[in-house]
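Breakdown of the fold
The lines below spell out each chain.
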Amino acid sequence: VQLVESGGGLVQPGGSLRLSCAGSGFTFSSYTMSWVRQAPGKGLEWVSVIVSGGGTAMYVDSVKGRFTISRDIANNTVYLQMNSLKVEDSAVYYCAARRLGITTSYAAHEYDVWGQGTQVTVSS
């Protein structure tokens, strides 16, 4: 059972990145998928969630209109398209899977599976 993130890197302010998270070892299509981030020296922050069917997505206010979450059920992958990136978006981004219900929590115990994280650095 694992989630593997990729796609992080260094980008200038105003730039874009697309994060990917591939799931394996569990019924990916049945899980709600979230992105949670942790900026340097700060706590975890929930960023976005997409329901198992992909029809509903939610975002923290600070990324609304800039980030888009999506999922490819056939390939067991969830994405986070990040546009108009800001310095304050710099963080380690984790994807997380939850079997029952939907949550906007950042707490690890609210999720059943966590990825290892991918670093996003926004800097000029």
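Heads up: these notes are all about the structure in this document. For every chain, the first residue of the written sequence is number 1, and numbering continues from 1 along that sequence. Totals for whole chains, interfaces and linings use every residue, but because this is a predicted model, local features are given only for residues with pLDDT of at least 70 and side-chain atom pairs only at 80 or more, for both listing and counting. The side-chain values count all of the structure's non-hydrogen atoms but skip hydrogen atoms and water molecules.

Count a disulfide wherever a pair of cysteine sulfur atoms falls within 2.5 Å. In this structure the tally under the stated criterion is 1 disulfide. With its sulfur 1.8 Å from that of its partner, C21 forms a disulfide with C95. Around the S-S axis, the bridge from C21 to C95 shows a dihedral of about 50° and counts as right-handed. Of this pair, C21 sits in strand β3 (residues 17–24) while C95 is found in strand β9 (residues 91–98), placing the two residues 74 residues apart along the sequence. In terms of burial, C21 and C95 fall into one category: buried. To qualify as a helix, a DSSP run of H or I must reach at least 4 residues; to qualify as a strand, a run of E must reach at least 2; elements of each kind are numbered from the N terminus. Burial classes follow relative accessibility: with a 1.4 Å probe on protein chains only, a residue under 20% of its type's maximum area counts as buried, one over 50% as exposed, and anything between as partly exposed.

Strands sit in the order β1-β3-β8-β7 across an open sheet of 4 strands; the sheet is antiparallel. The open sheet terminates on both sides in strands that have one partner only, identified here as β1 (2–6) and β7 (67–72). In this sheet, adjacent strand axes meet at a mean angle of 15° when their direction is disregarded. DSSP calls a pair of strands paired once it identifies at least 2 bridges connecting them. Note on geometry: axes are lines fitted to C-alpha atoms, helical ones only across the stretch in contact, with angles between N-to-C directions running from 0 to 180 degrees.

What follows covers the pattern of salt bridges. One side chain can pair with another of opposite charge once the charged atoms of both are near each other. What counts as a salt bridge is simple: a side-chain nitrogen of Lys or Arg found within 4 Å of a carboxyl oxygen of Asp or Glu. All told, the structure shown has 5 salt bridges when counted by the stated rule. In the salt-bridge network here, residues are joined through shared partners; they are R37, E45, R66 and D89.

This paragraph deals with unusual backbone geometry. One non-glycine residue, N76, adopts positive backbone phi at about 50°. Take N76: its relative accessible area is 27%, and that puts it in the partly exposed class.

This brings us to the side chain of R37. Assignment of secondary structure puts R37 in strand β4 (residues 32–38). Residue classification places R37 among the buried positions, given a relative accessible area of 6%. Within the structure, the side chain of R37 is placed 2.7 Å from the side chain of E45, a separation counted as a polar contact. Of the polar contacts made by the side chain of R37, one reaches the side chain of Y93; its length is 2.9 Å. Contact definition: two residues touch when any of their heavy atoms are within 4.5 Å. Those residues in contact with R37 that lie beyond four places of it in its chain are G43, L44, E45, V47, S62, V63, F67, D89, A91, V92 and Y93. N or O atoms within 3.5 Å of each other form a polar contact, as long as, within protein, one can give a hydrogen and the other can take it, and as long as residues adjacent in sequence are counted only when both atoms are side-chain atoms.

Another point: the pairing of strand β5 (residues 44–50). Two faces, one strand: in a regular strand the side chains alternate between the faces of the sheet. Burial within β5 is extensive, with 5 of its 7 residues counted as buried. Two successive antiparallel strands, β4 and β5, enclose a turn made up of 5 residues, where G41 displays a positive phi of approximately 75°. Counting the residues between successive antiparallel strands, the hairpin from β5 to strand β6 (residues 57–59) contains 6 residues, one of them, G54, with a positive phi of roughly 85°.

Before going further, it helps to spend a moment on the packing of aromatic side chains. Stacked, tilted and edge-to-face are the three classes assigned to paired rings of Phe, Tyr and Trp, where Trp is represented by its six-membered ring and a pair needs centres within 6.5 Å; plane angles under 30 degrees give stacked, over 60 edge-to-face, the rest tilted. For the coordinates displayed, the defined rule picks out 4 aromatic pairs. Taking the centre distance of 6.2 Å and the plane angle of 50° together, the rings of F26 and F28 count as tilted. When its relative accessible area of 13% is taken as the criterion, F26 is described as buried. The class for F28 is buried, based on a relative accessible area of 1%. Relative to Y31, the ring of F26 has its centre 4.8 Å away and its plane inclined at 70°; by these criteria the two rings are edge-to-face. The structure contains a cluster of three or more aromatic residues connected by ring pairs, namely F26, F28 and Y31. Charge-over-ring contacts are defined here by two conditions on Lys NZ or Arg CZ: a distance within 6 Å of the ring centre and an angle within 35 degrees of the ring normal. Of note, R99 hangs over the ring of Y31, and the distance from its end group to the ring centre comes to 5.9 Å.

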